[in-house]
Amino acid sequence: MNFEELEILKDVTGQLIDFTLNLRQSGHPGGSRSKMHMLWAMLLSGKMKYDIRHPENPLSDRFILSAGHTVPLIYASLALIGEAFKKRFEETKDEKFKIDPSRIVLLEDLLRFRHRGGLSGHAEFSGKTLFLKFNTGPSGHGLPPSVGEAFALKRAGLSDVKVWAIEGEGGLTPGASHESKNSAWALGLDNLYWLIDWNNYGIDNRPTSSVVHGTPDDWFLPYGWNVVGCENGHDWKCVLGAFDKIEQNKKERTPNVMWFKTRKGYEYGIYDNKSHGTPHKANSEIFWKTREKFMQKYNVDFVGFQKPAPAGKAFAEQTYQNLQIALNVVLENEELVKHLTDEMVSIAESIPQKKVTLNAGIFKDKELFDYKKYPEEIFFEPGTKAANRNALRKWGAWINAMSKRKYDRPLFLAASADLAESTNISGFAEPFEDFKGYGWYEKEKNPDGVLLPQEITEFTNAGISCGVVSVNLSDKPFEEFNGFYMATSTYGSFSYLKYGEYRLFSQMAQDCPVKLGKVLWIAGHSGPETADDSRTHFGIFSPVVTQLFPKGHIINLYPWEANEVPVLLAAAFSTDIPIVALHLTRPPIEIPNREKLRIPSHFEAARGAYILRDFKEGRKDGTILVRGTMSTYNLLKVIDELDEKYNLKIVAIPSKELFDMQSSEYREKVLPWEDWKNSMVITNESLKAVEDWIATKKNAEYCLSSDWDGKWRSGGTLDEVIEEAHLDPENILRGVERFVKKA
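Here's a quick rundown of the structure.

Conventions used here
Residues numbered from 1 in each chain as written. Predicted model: local features only at pLDDT ≥ 70, side-chain atom pairs only at ≥ 80, totals over all residues. Heavy atoms only, no water. Helix = DSSP H or I, 4+ residues; strand = E, 2+ residues; numbered from the N terminus. Rg over C-alpha atoms; globule rule 2.2 N^0.38 Å. Buried < 20%, exposed > 50% of the residue type's maximum accessible area, 1.4 Å probe, protein only. Contact = heavy atoms within 4.5 Å. Areas by Shrake-Rupley, 256 points an atom, 1.4 Å probe, with all protein chains shown as cover. Lys, Arg positive; Asp, Glu negative; His and termini not counted. Charge placed at Lys NZ, Arg CZ, Asp CG, Glu CD. Disulfide = S-S within 2.5 Å. Polar contact = N/O pair within 3.5 Å; in protein donor to acceptor, adjacent residues only side chain to side chain. Pairing = 2+ DSSP bridges. Axes fitted to C-alpha atoms, helices over the stretch in contact; angles between N-to-C directions. Patch = residues over 30% accessible without salt bridge, like charges linked within 9 Å, V, L, I, M, F, W, Y side chains within 5 Å. Salt bridge = Lys/Arg side-chain N within 4 Å of Asp/Glu carboxyl O. Right-handed = clockwise from strand over helix to strand, strands pointing away. Phe/Tyr/Trp six-rings, centres within 6.5 Å; stacked < 30°, edge-to-face > 60°. Core = buried A, V, L, I, M, F, W, Y, C linked by side-chain atoms within 4.5 Å. Expected span 1.5 Å × (residues − 1).

A short note on the overall build of the protein chain
Part 1 of the reasoning: Tallying secondary structure elements over the protein chain gives 26 helices and 17 strands in all.
Part 2 of the reasoning: Rg of the C-alpha trace for the protein chain: 29 Å, near the compact-globule value of 27 Å for 743 residues, within the 12% margin.
Part 3 of the reasoning: With respect to the principal axes defined by its C-alpha atoms, the protein chain has extents near 95 × 60 × 55 Å.
Part 4 of the reasoning: Looking at the 743 residues of the protein chain, the share that counts as buried comes to 63%.
Part 5 of the reasoning: If you take every contact in the protein chain between residues at least 6 apart in sequence, the share linking residues at least 24 apart comes to 76%.
Part 6 of the reasoning: Split by element, the accessible area of the protein chain, about 28300 Å² in all, is 48% carbon and sulfur.
Part 7 of the reasoning: Distance between charge centres in the protein chain, computed from 92 positive and 101 negative side chains, equals 2 Å.

This is the structure:
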């Protein structure tokens, strides 16, 4: 399309933004307006390959609006496109111009901006905005997923499918942008393109340059990126030239960034930070003043010009009339409508028809999660010493080996915060039996690797994992998922660093009609069992963030010994729940001889709670619910002594979410209210972490937890720390005695 046509599209987009925000009196005009040129250039330069009619197309390029607050620009642009296609289809009846109205924004939708059930206040991968491929808005949260999506495509053999992300320089200041730049370079993501709106202002009344030194060249060239800039981001020749030049300078295995120097609040009448998140007052003098240039240029008159906003529904009616007047500048230009729709259809038809080689049959294979048929090699013999994290290593190696043998592909990709060996997530890349293992991913030497070479990047690792599992390569994406699952790990004490991205992914999994994959969130080295690392690394309180999701959005797993790990993982991944949080501990313990101890098989862990020792005949002294490694291990050391003194029921509680999925008959058998109301909990974590298992506030007085005295634990040997946490055998005996006598 020529510059004149692009100018019309840009001008009309600006009016649609302004009238939408004028009605709602909420939203972000400044950045939305400054990005108009770069967005339309991305859409129509021919460099981005996508199908606007079918945004779910697995071979389309992906787009992430990392600057998610500027979503009014997306809504306005999609509305313009949607109405143009609607008109073209009505005129031609040609199916190639038909867009399902549930998959595109239309003019009337702009009236429902920031209203319940209408267009969201920030960017969401859902409904009418499937063109957006991640939920964004919080600064810094969109760039890590862009890395993950680009990597998933590359790892699937689709390097020619690109990921495009738009961000402002303020969004580059969070640490995740630094982490993402490193990760993108390390992974060799030449299919990743960032577009940076460099306007020098955010929200506060000071320029970004007063805080951040240098230019976008300084921010990206040292990271090994392919960098192209445009000194005038409001000049079509300069902007489109950047898109041409980035391809001319393209280097193999090198990520790409284009920056555009713009004015925040472009043609809005107020500029810089003042234009960030405050629209003009409804039908105010300055609002109408900034309509004059458009009215004169296109010889139109807006309804109610220079008059106050009418009351009630009349304001929405007036707004719709004016939106239509602005849009008609495009719709009444038949050549422009034809060029726009033809160009977008042509772009859609240019998408490479490359076959997706990932075998989707893997996601229908129930054998992978049938723990009762798992090979003996996954489990540990009674009497041997093993940490429960060691079981993750075995299971990870087995499941990717089985995936390779049956489907010639891995199921899981994995990343750790420079703790792959320590947390044992390295197992996903390791050999199992005759399979040599996929190994570490290395962009030149081992592009088939599954373990990403990440540094201490917890937040970004979480975002990358969410990006990976958001890439659905199925040709039936509304019905099934085909892609990769992803696992990430760090210390449990650092779980909070990962929560932000998983929170956004959880929202997407709830609302997005496109099927998404699953993530395994490994909170390694949890509890006071971390011992030598002292209180700075104890995961006692932090892992509670893995519970801060709506019911049914996450499954938390707390295996106490290694043989429960594969069982719990299999049970969790057999469900439709998108996030599984696995809480592991560091120290090796002796694998119990369950038969000798007269406790059930580790297979019972799949139920989320199971009876270790039931009541005997006679008066019942109470129920003990136990969770965690050393808390359970030390309780079992004194179980016979307790059995001699009291009539107790002892219940292992490795997963509340799995327990809640069991039949009412089973739940009533394990924990009827009569037993629960007279119970105590013993846990290696904080009391807050087991609140769902505590029947009443009175019961909490008798529970044993690492924060029993309201203090952070100190460090030392494992025995010293566990004794201080009151989880050693002697303190457990005293705690149970207190419970029995005073409960």
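Comments concerning the state of the cysteines
Each disulfide is one covalent bond, formed between the sulfur atoms of two cysteines.
Part 1 of the reasoning: Scanning the entire structure with this criterion turns up one disulfide.
Part 2 of the reasoning: Between cysteine 230 and cysteine 238 runs a disulfide, and the two sulfur atoms are separated by 2.1 Å.
Part 3 of the reasoning: Between cysteine 512, a cysteine without a disulfide, and cysteine 466, which holds the nearest cysteine sulfur, the sulfur-to-sulfur distance is 13 Å.

A word on the side chain of arginine 53
Part 1 of the reasoning: Structurally, arginine 53 is set in the loop between α3 (36-44) and β1 (62-65).
Part 2 of the reasoning: A polar atom in the side chain of arginine 53 sits 2.9 Å from the side chain of aspartate 51.
Part 3 of the reasoning: When neighbours within four sequence positions are excluded, arginine 53 is seen to be in contact with Phe85, Lys96, Lys98, Ile99, Val345 and Ala348.

A few points about the sheet that holds strand β10 (residues 519-524)
Remark on secondary structure: sheet strands pair via backbone hydrogen bonds, oriented parallel or antiparallel.
Part 1 of the reasoning: Taken together, the six strands give an open sheet; going across it, the order is β8-β7-β9-β10-β12-β11, and neighbouring strands pair in parallel fashion. Two strands close off the open sheet at either side, each with one partner strand: β8 (451-452) and β11 (554-557).
Part 2 of the reasoning: When β10 meets strand β12 (residues 579-583), the two strands line up parallel, connected through five bridges. Bridge assignment links valine 519 to a residue of β12, and that residue is isoleucine 579.
Part 3 of the reasoning: Against the sheet, helix α15 (residues 458-469) contacts β7 (412-416), β8, β9 (485-491) and β10, and its axis sits at roughly 170 degrees relative to β9.

Notes on a negative patch on the surface
Part 1 of the reasoning: A cluster of like negative charges, contributed by Glu376, Glu377, Glu381, Glu433 and Asp434, occupies part of the molecular surface.
Part 2 of the reasoning: Summarising the element assignment, glutamate 381 is placed in the loop between α12 (334-349) and β6 (385-386).

A short note on the pairing of strand β4 (residues 226-230)
Part 1 of the reasoning: Of all the five residues making up β4, four are buried; the element is thus mostly covered by neighbouring parts of the structure.
Part 2 of the reasoning: Regarding topology, helix α8 (residues 236-248) serves as the crossover connection from β4 to the parallel strand β5 (residues 256-261), and that connection is right-handed.

Digging into the sheet that holds β1
Part 1 of the reasoning: One open sheet holds the five strands; their spatial order is β1-β2-β3-β5-β4, and the pairing between them is parallel. The open sheet terminates on both sides in strands that have one partner only, identified here as β1 and β4. Within this sheet the neighbouring strands show an average axis-to-axis angle of 15 degrees, counted without direction.
Part 2 of the reasoning: Two elements, strand β3 (residues 192-198) and β5, share six bridges in a ladder whose sense is parallel. Residue pairing across strands places aspartate 197 opposite phenylalanine 260, the latter belonging to β5.
Part 3 of the reasoning: Across the sheet, α3 touches β1, β2 (163-168), β3 and β5, and the angle it forms with β3 is around 155 degrees.

A look at the packing of aromatic side chains
Part 1 of the reasoning: Counting across every chain of the model gives 44 aromatic pairs.
Part 2 of the reasoning: Measuring from ring centre to ring centre gives 4.8 Å for phenylalanine 294 and tyrosine 298, while their planes differ by 50 degrees; the resulting arrangement is tilted. One end of the pair is phenylalanine 294 and the other is tyrosine 298, both in helix α10 (residues 292-298) and four residues apart, which spans about a single turn.
Part 3 of the reasoning: On the basis of relative accessibility, which here comes to 18%, the residue tyrosine 298 falls in the buried class.
Part 4 of the reasoning: Geometrically, the ring pair formed by tyrosine 502 and tryptophan 521 is tilted, given 4.6 Å between the ring centres and 40 degrees between the ring planes.

What about the pattern of salt bridges?
Part 1 of the reasoning: By the definition in use, this model includes 49 salt bridges.
Part 2 of the reasoning: Residue arginine 393 pairs with glutamate 430 through a salt bridge whose shortest N-O separation is 2.7 Å. You can see arginine 393 sitting in helix α13 (residues 388-407) and its partner glutamate 430 sitting in the loop between α14 (420-423) and β8, a full 37 residues away along the chain.
Part 3 of the reasoning: In this structure, a network of salt bridges that share partners links the residues Glu7, Lys10, Asp11, Glu267, Lys293 and Lys297.

Some thoughts on the nonpolar core
Part 1 of the reasoning: Counting 158 residues, the largest nonpolar core has Trp194, Trp395, Phe412, Phe428, Leu520, Ile682 and Val736 as its most contacted members.
Part 2 of the reasoning: Top element by residues in this core is α13. It accounts for nine residues.
Part 3 of the reasoning: By size, the runner-up hydrophobic cluster in this structure holds 79 residues, among which are Val12, Leu80, Phe294 and Met344.

Topic: the pairing of β12
Residues in a regular strand point their side chains to alternate faces of the sheet.
Part 1 of the reasoning: Judged by how many residues are buried, β12 sits mostly within the fold: five of five residues are covered.
Part 2 of the reasoning: By the alternation rule, side chains of β12 split into Ile579, Ala581 and His583 and Val580 and Leu582, which are all buried.
Part 3 of the reasoning: In this structure, β11 lies alongside β12, joined through four bridges in parallel fashion. Along β12, the bridge assignment pairs leucine 557 with leucine 582.

Things to note about unusual backbone geometry
Part 1 of the reasoning: The phi torsion at asparagine 200 lies on the positive side, around 75 degrees, for a residue other than glycine.
Part 2 of the reasoning: Relative to the assigned elements, asparagine 200 resides in the loop between β3 and α7 (216-220).
Part 3 of the reasoning: By relative accessible area, asparagine 200 is classed as partly exposed at 22%.
Part 4 of the reasoning: For histidine 525, which is not a glycine, the phi torsion comes out positive at approximately 50 degrees.

Focus: the side chain of lysine 498
Part 1 of the reasoning: Tracing the backbone shows lysine 498 in helix α16 (residues 496-511).
Part 2 of the reasoning: Although lysine 498 is buried, it forms no salt bridge, and the closest oppositely charged side chain is glutamate 458 at an N-O distance of 7.0 Å.
Part 3 of the reasoning: Here threonine 488 takes part through its side chain, which lies 3.2 Å from a polar atom of the side chain of lysine 498.

Some details on the environment of lysine 742
Part 1 of the reasoning: Relative to the helices and strands, lysine 742 is located in helix α26 (residues 729-742).
Part 2 of the reasoning: Considered as a pair, lysine 742 and tyrosine 702 are 40 residues apart in the sequence and their alpha carbons are 8.7 Å apart.

Let's talk about helix α6 (residues 175-186)
Because an α-helix packs 3.6 residues into every turn, residues spaced three or four apart end up facing the same way.
Part 1 of the reasoning: Over its 12 residues, α6 runs 17 Å from end to end, which matches the ideal 16 Å to within 8%, given 1.5 Å per residue.
Part 2 of the reasoning: Every buried residue belonging to α6 is among Ala176, Ser177, Glu179, Ser180, Lys181, Ser183, Ala184 and Ala186, and all of these are buried.
Part 3 of the reasoning: On its buried face, α6 is in contact with α5 (143-155), β3, α7 and α15.

In short, shape yes, function no, at least from these values alone.
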